Amino acid sequence: MNVWQGSSFTTGSSSYNLNSATLLFGENTADPNLFVRLYSNSSGTPGTQLTSFTNPASITTSLANNTFTLATPYTLAANTTYWLVSGISSGTGSYIWGYTSSAAQTGLPGWTIGDGFVKSNSQGGSWDSFPTDGPYQFSLEGTTSPPPTSVPEPGSVVALLGLGGLGLASSLKKRK
């Protein structure tokens, strides 16, 4: 059976360039069709697939941190809920994603991790929600996106240069 499982998180007040996700993950039975994907949120369950991570060269057979990378960083929007989802697209592999009953979280200000998880026995066709059973353990790696810089309008640059030129002219005039 191809069980898909997911855990949600919500970003803080800044956008974020996501490079990788590290999951407390273990391999029971290997399958080349293992995936870890990022999904949008749809009424409290995974919605649309946004991107897919590259699997590590090997996955540990016991629970350990395994890092899944993105070929190109994905920009997460501010104040938005997303889902990390793992599963087998086809085949019979079996993996375990470690979870916790702890409510402790660390991370950037304003970020939160959902208190539970979801599972799908229909390859994402429908989801069973376990809202208080503890989230799967993961961390996200990347960089906070810089705030947009304001670029002056071309007309205002000319005006600033003109005012600067007047100041220089008056400065030169006073020296005579």
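Each remark here, short or long, concerns the structure printed above.
Keep in mind it's a predicted model, so treat the numbers as computed, not measured.

With respect to the helices and strands, lysine 119 occurs in strand E9 (residues 117–120). According to the relative accessible area criterion, lysine 119 is partly exposed, its value standing at 31%. Discounting residues that sit within four places of it in the chain, lysine 119 has contacts with Val3, Trp4, Gln5, Ser126, Trp127, Asp128, Phe130 and Tyr136.

This part covers the environment of phenylalanine 35. Its location among the elements puts phenylalanine 35 in strand E3 (residues 34–42). The class for phenylalanine 35 is buried, based on a relative accessible area of 4%. Separated by 53 residues in sequence, phenylalanine 35 and isoleucine 88 have C-alpha atoms that sit 6.1 Å apart. Excluding anything up to four places from it in sequence, phenylalanine 35 contacts Trp4, Asn55, Val85, Ser86, Gly87, Ile88 and Ser89.

Residues Phe9, Leu23, Phe53 and Leu84 are the most contacted members of the largest nonpolar core, which totals 24 residues. When contributions to this core are tallied by element, the ones reaching two or more residues are strand E2 (16–29), E3, strand E5 (64–76), strand E6 (81–88), strand E7 (94–97) and strand E11 (138–144). Among the elements that make up this core, the one with the highest residue count is E2 (five residues). If near-sequence neighbours (up to four positions away) are discounted, leucine 23 is found in contact with Val36, Ala64, Asn65, Asn66, Phe68, Leu84, Trp97, Gln137 and Phe138. Counting residues in hydrophobic clusters, the runner-up holds seven residues, among them Trp4, Phe35, Tyr39 and Val118.

Definitions and cut-offs
Residues numbered from 1 in each chain as written. Predicted model: local features only at pLDDT ≥ 70, side-chain atom pairs only at ≥ 80, totals over all residues. Heavy atoms only, no water. Helix = DSSP H or I, 4+ residues; strand = E, 2+ residues; numbered from the N terminus. Buried < 20%, exposed > 50% of the residue type's maximum accessible area, 1.4 Å probe, protein only. Contact = heavy atoms within 4.5 Å. Core = buried A, V, L, I, M, F, W, Y, C linked by side-chain atoms within 4.5 Å.

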